[in-house]
Amino acid sequence: MFRTKWERLIMPVAGLILGLFLTLRPYSATAALCSLIGWLILFAGAGGLVNALAFQRATCVNSPFLPLSVAGVVIGLFFILSPHTLAALVGTLICVFLLVNGTSSIQAGLMRRNWGDRLWWLPLTVGVLCVVLGLYALFAPAASTAMVMRLVGVMMLCSGVVNVLAVLTSRD
């Protein structure tokens with residue numbers, strides 16, 4: 001019986017530890033995540049390179065995937081050696097997402113006002129806040145990436161606490 005609870009506690013406790021790491025060390029967590037992505041791209045590119053070369057050797061025809069595989073290896077190595085570059089790209093993507101979402105919410109709020117809706121100001125307020133956060137992310141992409149990592153960390157902490165309590169209070 002205790003063994004079953006211990007096995008069910010492993011994932012929530014791991015989530016708590018990861019949530020703490022993401023919350024307390026967002027820059028290190030971002031660099032680690034970007035390095036992991038770089039390794040995944042490198043392995044995919046290396047596998048594609050081996051496959052393309054084997055195809056080329058077996059058929060005596062140039063593989064169309066050879067350039068993509070070489071690009072995958074190069075990009076993977078670049079992200080492994082310079083993970084903060086990918087982190088800046090993540091911050092830029094956050095900026096673009098917030099700006100697009102904010103402008104569409106502002107547009108929706110103005111359209112709802114024209115239709116006579118009494119709650120038109122809600123999407124307008126959310127839109128303005130998204131645009132302000134998007135502009136902040138534009139000028140501070142690393143800080144916005146850290147903010148997102150902290151937010152994910154807090155969500156993982158909450159989820160971990162709920163899951164630990166669920167396991168400890170279960171009657172199995």
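Above: the structure in question.
Let me sum up the structure you'll find in this document. (Residues numbered from 1 in each chain as written. Predicted model: local features only at pLDDT ≥ 70, side-chain atom pairs only at ≥ 80, totals over all residues. Heavy atoms only, no water.)

### Considering the overall build of the protein chain
In terms of regular secondary structure, the protein chain is built from 6 helices and 0 strands. Its helices and strands in sequence order give the protein chain the pattern α-α-α-α-α-α, from N to C terminus. The C-alpha atoms of the protein chain give 23 Å as radius of gyration, which overshoots the globular expectation for 172 residues (16 Å, by more than 25%). The principal-axis extent of the C-alpha atoms belonging to the protein chain is close to 70 × 55 × 30 Å. The burial tally for the protein chain puts 30% of its 172 residues in the buried class. The long-range fraction of contacts in the protein chain, counting pairs at least 24 apart against all pairs at least 6 apart in sequence, stands at 73%. (Helix = DSSP H or I, 4+ residues; strand = E, 2+ residues; numbered from the N terminus. Rg over C-alpha atoms; globule rule 2.2 N^0.38 Å. Buried < 20%, exposed > 50% of the residue type's maximum accessible area, 1.4 Å probe, protein only. Contact = heavy atoms within 4.5 Å.)

### A few points about the side chain of Ser-105
Looking at the secondary structure, you find Ser-105 in helix α4 (residues 83-114). You can call Ser-105 buried: its relative accessible area is 14%. Apart from residues lying up to four places away in sequence, Ser-105 is in contact with Pro-123, Leu-124 and Gly-127.

### Some details on the environment of Thr-23
For Thr-23, the position within the fold is in helix α1 (residues 2-24). Sequence separation between Thr-23 and Gly-153 is 130 residues, and the spatial gap between their C-alpha atoms is 4.8 Å. In contact with Thr-23, other than residues within four places in its own chain, are Arg-150, Gly-153, Val-154 and Leu-157. Within the local environment of Thr-23, its side chain forms a polar contact with the backbone oxygen of Gly-19, the two atoms lying 2.7 Å apart. Within the local environment of Thr-23, its side chain forms a polar contact with the backbone nitrogen of Val-154, the two atoms lying 3.5 Å apart. (Polar contact = N/O pair within 3.5 Å; in protein donor to acceptor, adjacent residues only side chain to side chain.)

### Topic: the state of the cysteines
Throughout the structure, instances matching the rule amount to 0 disulfides. Considering cysteine sulfurs only, Cys-130 is the nearest to Cys-95, which forms no disulfide, with 12 Å between them. For Cys-95, a relative accessible area of 3% puts it in the buried group. (Disulfide = S-S within 2.5 Å.)

### Structural notes on helix α5 (residues 121-139)
The terminal C-alpha atoms of α5 lie 27 Å apart, and with 19 residues this matches the ideal 27 Å at 1.5 Å per residue to within 8%. Those residues of α5 that sit buried are Pro-123, Leu-124, Gly-127, Cys-130, Val-131, Gly-134 and Ala-137. The buried side chains of α5 occupy one side of the element, clustering within an arc of 145 degrees when seen end-on. Away from the buried face of α5 by more than 90 degrees, exposed residues Leu-129, Val-132 and Phe-139 are located. Lining the buried residues of α5 we find α4 and α6 (141-169). (Expected span 1.5 Å × (residues − 1). Arc of directions from axis to C-beta.)

### Looking at the packing of helix α2 (residues 26-59) against helix α3 (residues 66-81)
At a minimum axis distance of 7 Å, the contact between α2 and α3 shows a crossing angle of 155 degrees. When the interaxial angle is binned, α2 and α3 end up roughly antiparallel. Remark: the crossing between α2 and α3 carries left-handed chirality. Grouping the constituent residues of the contact of α2 with α3 by class yields 15 nonpolar, 8 polar and no charged. (Axes fitted to C-alpha atoms, helices over the stretch in contact; angles between N-to-C directions. Parallel < 35°, antiparallel > 145°, perpendicular 65-115°, else oblique. Left-handed = near helix turned anticlockwise from the far one by under 90°. Nonpolar A, V, L, I, M, F, W, Y, C, P; charged D, E, K, R; others polar.)

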